Amino acid sequence: MRRTILSAILFLMASLVSFGQSAPADARQDQKETQQAKQEVRSDMTDMKQDRVDLRQDVKAGDKAAAAKAQKELRKDARDMRRDEKKALKDRKADRKVAKADRRDARADRREAVVDRRQMRTARTGMAPHGGHR
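The shown structure was predicted, so the numbers you read here are calculated from the model rather than taken from an experiment.

A separate point is the overall build of the protein chain. Looking only at helices and strands, the protein chain has 2 helices and 0 strands in total. Buried positions account for 13% of the 134 residues belonging to the protein chain. When the accessible area of the protein chain is evaluated, it comes to approximately 11400 Å², of which 55% is carbon and sulfur surface.

Structure follows, in structure tokens:
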């Protein structure tokens, strides 16, 4: 009986430790991905600005073919930006959902640990949870 309880507690502690160690790595990876996404957005914005400048210059110079090409590039960049924004929003929602589930699991693990500790204490002392003797 004691061996079973002890092995259950050891398993629970090991799972809590492994959960605690994996969380920071995930957070660092998420932060790194966020920084890369921000850099991509900045570069896309720079590209759009440059395409607008090219379009204005081509229109002023009267070069219709180049202006049409620049306008296509500008529209493509705008489309890409909208797609990236939607993807980023979707990713943020998914990350929030995962974080919420992780918090819920951690709460459940803590509750189980408290219950296990109480059971260990009552098994050790031979007393019922309400304080009376068996």
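There's more to say after this.
Attention now moves to the nonpolar core. If you look at the biggest cluster of nonpolar residues, it comprises 7 residues: M48, L55, A67, A70, L74, A78 and M81. Within the residue set of this core, elements represented by two or more residues are helix 1 (2-61) and helix 2 (64-125). The element contributing the most residues to this core is helix 2, with 5 residues. Setting aside residues up to four positions removed in sequence, M48 forms contacts with L74, D77, A78 and M81.

Glancing now at the pattern of salt bridges. Tallying each qualifying case throughout the model produces 3 salt bridges. Of the charged contacts in the structure, one is a salt bridge between K76 and D80, with a shortest N-O distance of 3.1 Å. In this pair, K76 and D80 both sit in helix 2, 4 residues apart, roughly one turn of the helix. Look at K76 and you get partly exposed, because its relative accessible area is 43%. The class of D80 is buried, set by a relative accessible area of 17%. In this structure, K87 and D91 form a salt bridge, with 3.2 Å as the shortest nitrogen-oxygen distance. Taken together, the positions of K87 and D91, both in helix 2 and 4 residues apart, correspond to about one turn of that helix. Residue classification places K87 among the exposed residues on the basis of a relative accessible area of 52%. Classification of D91 as partly exposed rests on a relative accessible area of 36%. Overlapping salt bridges bring together K76, D80 and R83 as one network.

This part takes up the side chain of D77. Note that D77 resides in helix 2. Within the buried set, D77 has no salt-bridge partner at all; the shortest N-O distance to an opposite charge, 5.2 Å, is to K76. When neighbours within four sequence positions are excluded, D77 is seen to be in contact with D47, M48 and D51.

On to the layout of surface pockets. Using a probe with the size of a water molecule, rolled over the atoms, empty space left in the structure can be pinpointed. Approximately 570 Å³ is the volume attributed to the largest pocket. Taken together, 17 residues make up the lining of the largest pocket; nearest its centre are E33, T34, A37, A88 and D91. Going through the elements one at a time, helix 1 and helix 2 are the ones with two or more residues in the lining of the largest pocket. The biggest single contributor to the lining of the largest pocket is helix 1, with 9 residues. Class assignment for the residues of the lining of the largest pocket results in 4 nonpolar, 2 polar and 11 charged.

What counts and how
- Residues numbered from 1 in each chain as written.
- Predicted model: local features only at pLDDT ≥ 70, side-chain atom pairs only at ≥ 80, totals over all residues.
- Heavy atoms only, no water.
- Helix = DSSP H or I, 4+ residues; strand = E, 2+ residues; numbered from the N terminus.
- Buried < 20%, exposed > 50% of the residue type's maximum accessible area, 1.4 Å probe, protein only.
- Areas by Shrake-Rupley, 256 points an atom, 1.4 Å probe, with all protein chains shown as cover.
- Core = buried A, V, L, I, M, F, W, Y, C linked by side-chain atoms within 4.5 Å.
- Contact = heavy atoms within 4.5 Å.
- Salt bridge = Lys/Arg side-chain N within 4 Å of Asp/Glu carboxyl O.
- Lys, Arg positive; Asp, Glu negative; His and termini not counted.
- 1 Å grid on protein atoms, 1.4 Å probe; cavity = no way out; pocket = protein on both sides within 12 Å on 5 of 7 lines; lining within 4 Å.
- Points joined across faces, edges and corners; volume = space filled by probe spheres on them.
- Nonpolar A, V, L, I, M, F, W, Y, C, P; charged D, E, K, R; others polar.

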